[in-house]
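Results of the structural survey
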Amino acid sequence: MDYLEVTIQTASEGIEAVASALTAGGFDSLVVEDQAEYETFLEENRAYWDYIDEEFQQELQNLSRIKLYLEVDGTEEKQLQKLDKVLTALKNRSKGKKLGTLEVSSTLLPETNWEESWKDSYPPQEVGERLVVVPCWNPEANGRIPVILDPGLTFGTGAHPSTQMVMETM
């Protein structure tokens, strides 16, 4: 089934109010993306992290938005009108509060085989001059010595710097 990904731009200070209004309006399964929330999480859990994804951190720079997903089943236009009413009512009763722009945008997400699509996130990892870490479903080594992995929670992907250093030393 296709989905419509609806994004609402807000401000960190307005996340809670907007999320509450959406939930009260019948919208659920919200995804909050907020730089301030991410930085708070990192600060509170500093002892557990040995690696911070700086690229992801850059993507979150000045970001504060809420996403929700609507099934494309013929009712999405009605749902978008309902969303507009919820946001208009929120604006009217929240004068002076920092809610952000509340600009709404949407993107069509075609049906995806989620059980298999995660594999696209694990391309071959070249290590040193001779090795390449490849996932077991795509053992193409392109002239390098393959190290074949089944990426997962136990071993990972071979992308971590400490793993690569050990492999280069070997």
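For the structure, check the block above.
Please read all numbers here as calculations on a predicted model, not as lab measurements. (Residues numbered from 1 in each chain as written. Predicted model: local features only at pLDDT ≥ 70, side-chain atom pairs only at ≥ 80, totals over all residues. Heavy atoms only, no water.)

Let's talk about the overall build of the protein
- A tally of helices and strands in the protein yields six helices and seven strands.
- Counted from the first residue to the last, the protein has its helices and strands arranged as β-α-β-α-α-β-α-β-α-β-β-β-α.
- For a compact globule of 170 residues, the expected C-alpha radius of gyration is about 15 Å, and the protein comes in at 21 Å, more than 25% above that figure.
- Considering only C-alpha atoms, the protein reaches an extent of 65 × 40 × 20 Å along its principal axes.
- Counting over 170 residues, the protein shows a buried share of 28%.
- Of the contacts made within the protein by residues no fewer than 6 positions apart, 65% connect residues no fewer than 24 positions apart.
- On the protein, roughly 11900 Å² of surface is accessible, and the fraction owed to carbon and sulfur atoms is 50%.
- In the protein, the 14 positive side-chain charges and the 31 negative ones have mean positions that sit 10 Å from each other. (Helix = DSSP H or I, 4+ residues; strand = E, 2+ residues; numbered from the N terminus. Rg over C-alpha atoms; globule rule 2.2 N^0.38 Å. Buried < 20%, exposed > 50% of the residue type's maximum accessible area, 1.4 Å probe, protein only. Contact = heavy atoms within 4.5 Å. Areas by Shrake-Rupley, 256 points an atom, 1.4 Å probe, with all protein chains shown as cover. Lys, Arg positive; Asp, Glu negative; His and termini not counted. Charge placed at Lys NZ, Arg CZ, Asp CG, Glu CD.)

A few points about a negative patch on the surface
- Side chains of Asp-53, Glu-54, Glu-55 and Glu-59 sit close together on the surface and give a patch of like negative charge.
- Mapped onto the secondary structure, Asp-53 falls in the loop between α2 (35-44) and α3 (54-59).
- The class for Asp-53 is partly exposed, based on a relative accessible area of 34%. (Patch = residues over 30% accessible without salt bridge, like charges linked within 9 Å, V, L, I, M, F, W, Y side chains within 5 Å. Salt bridge = Lys/Arg side-chain N within 4 Å of Asp/Glu carboxyl O.)

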